[in-house]
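Summary of the model geometry
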Amino acid sequence: MALTPGVIFIFQQLPIPALIFLATYFLARSQPVAAWTPWFLPAWLLALLGTLLSFPVRAFIYVQLKEYRHKREAERMGARMAPRLQGTKMGNMDQMKWLMKCWREGYPGDGIWEIMNAYGYTVDTHILWVDNIVTIEPEHVKIILSTDAENYVKGERFRFAFHDVLGDGIFNADGDIWKFHRSISRPFFTHARISNFTLFEQSATDVIRLINERMETGMAVDFQDLMQRYTLETGTAFLFGSTIHTLSVPSVTSSSLPLPYPLPPSSLPSTPEQSFATAFHNAQEVVATRERRGWLWPIFEVFEDKAKVHMRVVNAYLDMVLERAVERKNVKDAERERLGGKVEEEETMLDHLLTVTSDPVLVQDEVLNVLIAARDTMASTLTFCIYFLTQHPEVAKKLRKEVLSKVGTEKCPTYEEMKEMKYLKAVINETLRLLPSVPFNVREARASTTWPSSDPNEKPIYIPAGASVPYSVMMMHTRKDLWGPDAEEFDPERFLDDRLKKYLLPNPFIFLPFNGGPRICIGQQFAYNQISYLLIRILQSFSTFTLCPDAFPLDARPPKEWAGKKGRKGKEKFKPLFVLTMCSMGGMWVKAQAAADGADGAQ
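So, here is what we can say about the structure in this document. (Residues numbered from 1 in each chain as written. Predicted model: local features only at pLDDT ≥ 70, side-chain atom pairs only at ≥ 80, totals over all residues. Heavy atoms only, no water.)

**Remarks on the overall build of the protein chain**
Scanning the protein chain from N- to C-terminus turns up 24 helices and 13 strands. In terms of overall dimensions, the protein chain is globule-like: its C-alpha atoms have a radius of gyration of 27 Å, near the 25 Å expected for 603 residues. The principal-axis extents of the C-alpha atoms in the protein chain amount to approximately 100 × 60 × 55 Å. Per-residue burial over the protein chain gives 52% buried out of 603 residues. In the protein chain, the share of contacts with a sequence separation of at least 24, taken over all contacts with a separation of at least 6, comes to 75%. Placing the 69 positive and 70 negative side-chain charges of the protein chain at their respective mean positions leaves the two points 5 Å apart. (Helix = DSSP H or I, 4+ residues; strand = E, 2+ residues; numbered from the N terminus. Rg over C-alpha atoms; globule rule 2.2 N^0.38 Å. Buried < 20%, exposed > 50% of the residue type's maximum accessible area, 1.4 Å probe, protein only. Contact = heavy atoms within 4.5 Å. Lys, Arg positive; Asp, Glu negative; His and termini not counted. Charge placed at Lys NZ, Arg CZ, Asp CG, Glu CD.)

**Points about the pattern of salt bridges**
Going through the model one piece at a time under the given rule, you end up with 31 salt bridges. Measuring nitrogen to oxygen at the nearest pair gives 2.8 Å for the salt bridge that ties Arg290 to Glu301. Of this pair, Arg290 sits in helix α13 (residues 272–293) while Glu301 is found in the loop between α13 and α14 (308–338), placing the two residues 11 residues apart along the sequence. Grouping residues by exposure puts Arg290 and Glu301 together as buried. A salt bridge links Arg375 to Asp376, with the shortest nitrogen-to-oxygen separation between them at 2.6 Å. Among the residues examined, Arg375 registers a relative accessible area of 6% and is labelled buried. Through salt bridges with shared partners, a single ionic network connects Glu430, Arg433, Asp486, Asp491, Arg494, Asp497 and Arg499. (Salt bridge = Lys/Arg side-chain N within 4 Å of Asp/Glu carboxyl O.)

**Examining helix α9 (residues 175–185)**
For α9, the set of buried residues is Trp178, His181, Arg182, Ile184 and Ser185. The buried residues of α9 occupy an angular sector of 160° when projected down its axis, which confines them to one face. Contact partners of the buried residues in α9: α15 (349–356) and α16 (360–391). (Arc of directions from axis to C-beta.)

**Considering the packing of aromatic side chains**
By the definition in use, this model includes 23 aromatic pairs. Considering the side-chain rings of Phe197 and Phe200, the 5.8 Å spacing of their centres and the 20° angle between planes classify their relative orientation as stacked. Of the two residues, Phe197 and Phe200, both sit in the buried class. One aromatic cluster is present, formed by Phe189, Phe197, Phe200, Phe526 and Tyr533 through successive ring pairs. One Lys or Arg, Arg293, reaches over the ring of Phe300 and ends 4.0 Å from the middle of that ring. The positively charged end of Lys425 is found above the aromatic ring belonging to Tyr528, 4.5 Å away from the centroid. (Phe/Tyr/Trp six-rings, centres within 6.5 Å; stacked < 30°, edge-to-face > 60°. Lys NZ or Arg CZ within 6 Å of the ring centre and 35° of its normal.)

**Here we look at the packing of α15 against α16**
It is the contact of α15 with α16, at a shortest axis distance of 11 Å, that shows an interaxial angle of 155°. The angle between α15 and α16 falls in the class roughly antiparallel. In this structure, the crossing between α15 and α16 has a hand that is right-handed. Contacts between α15 and α16 involve Met349, Leu350, Leu353 and Leu354 from the first element and Val363, Glu366, Val367 and Val370 from the second. In the contact of α15 with α16, the residues fall into seven nonpolar, no polar and one charged. (Axes fitted to C-alpha atoms, helices over the stretch in contact; angles between N-to-C directions. Parallel < 35°, antiparallel > 145°, perpendicular 65-115°, else oblique. Left-handed = near helix turned anticlockwise from the far one by under 90°. Nonpolar A, V, L, I, M, F, W, Y, C, P; charged D, E, K, R; others polar.)

**A look at the side chain of Lys575**
Looking at the element boundaries, Lys575 is found in the loop between β10 (542–547) and β11 (576–578). Despite being buried, Lys575 has no salt bridge partner; Glu105 is the closest side chain of opposite charge, sitting 7.3 Å away. Sequence-distant contacts of Lys575, defined by excluding residues within four places in its chain, comprise Glu105, Asp555, Ala556, Arg557, Pro558, Pro559, Trp562, Cys583, Ser584 and Met585.

**Quick word on the pairing of strand β13 (residues 589–594)**
Across two bridges, strand β5 (residues 221–222) lies against β13 in antiparallel orientation. What sits directly across from Asp222, in β13, is Trp589. (Pairing = 2+ DSSP bridges.)

**A look at the nonpolar core**
By size, the foremost hydrophobic cluster in this structure holds 146 residues, and its most contacted members are Met227, Tyr230, Leu435 and Trp451. Broken down by element, this core gets its largest block of residues, 16 residues, from α16. In contact with Trp451, other than residues within four places in its own chain, are Thr122, Ile133, Thr135, His140, Ile143, Ile144, Tyr152, Pro460, Ile461, Ile463 and Val469. (Core = buried A, V, L, I, M, F, W, Y, C linked by side-chain atoms within 4.5 Å.)

So yeah, pure geometry; function would need other evidence.
Set out below in structure tokens:
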């Protein structure tokens, strides 16, 4: 039976308390000391009291010594300590409780914005006495991701908290293991591979069929569910060679899709794909909560590993995917031997992975990490693109006009035609700017260093070794001093007009939907192609899109008190939910108007 994270944590903390207990016990039993102790206090009770008292004493000494060392080191480096959040409770526990409430109930960035408005765009939340230096300064993010990337790693704390879900996959790895995963993935994102759109077409056709079927019933369709099905099908086809059929007939029809509120959930049994999606989301919530609770998170999981119950469902689904891949590999083994092990053009990434490692855990970790990128991140961007088209019909009209003028009403788009669609790329970029699929990320500093201050008159900011350095591209993407006074508005034209030259081109690190530096997303162009392809096919078939707020579950609707708030929070008509990636709570319920012909969009 595997030990829970809480039990492991307790055992890791035991050696020093055990030594203190034994030392106190034998000291209390010694004749000189025993003469001074009350007869009614046995030695074991004195030892226990001494051990308990040692915890706050040790913590106080540790915190004070660490503070002293950091201040001395900062002085030697000619730097200053980062502005530090000042709570009213010990260890900023009140601030941790407030930030957890903001994460569960608020809009992404709630709490952090309030702190930064008071302390600046780089601040140490210092929760539980841990250096947690949050930044949304482009210069600092550039240092983390690019110019000094070797000094910023995922770190042991992150890997421990996320290991149940991410394992040793590429999103949870550092050093040689990360390089190994990167080297496996890179050959499969060549131009020829990512420009092969045949694997997108059948899935896109099924998406359009299901939308039409649902529109015939007069009910809204959950676009988020459709986009997740689409990206899972196309992602598994591209990466593993055999698709997971989540859209195809006869098993998937409009009646098997989620139903809008207030209709009850479908009585049909959950498919393996639906069970996988639910379990994986729940597991992500568990590990995201761990990260936000800081280094004490294992205490909340003494009696059970809260992620494992969900990961059993996830792993069972992955076993099915791997089993199919192994069958394909066995068929190709003879041909592989004839070609001397060289990667073939038709070989999939999973085929190649199975030739370079026989470790089933490593294979499964890599498969799951790639599925996160292939399914969750692209599905969220497609969902949010459709959402913005419901809110900005003038953008939808202009985008459809471009699609019809370049491709027509029926033809499948080519890579060359996609490249010419500047407005389409701008719409996708603007969606990624305001609602990036990964709005927050984190690294850990390996060695002490400094960051330049935004104010040239101030000393640089000291970053101690071991500090956690979270950063938010979502918050950075909406700073008015970086993007202009309309930074919080949806306007794709900013990627085409003079604002591009004024803001983005001089400072490209203000826009990082795919990260940057050595760990930049290698599937970036594949993502653009996949998203563009489906949007084109949808716009060929439908002319207008309408959000249906009444179709959202009651708990998934934006609270009334959000109305009129500053920033995107006061504008959004859905409730964003962020765990590892961002999605819409309760789905994205939309109605689409079928296009009678191409005339309305081509004029």
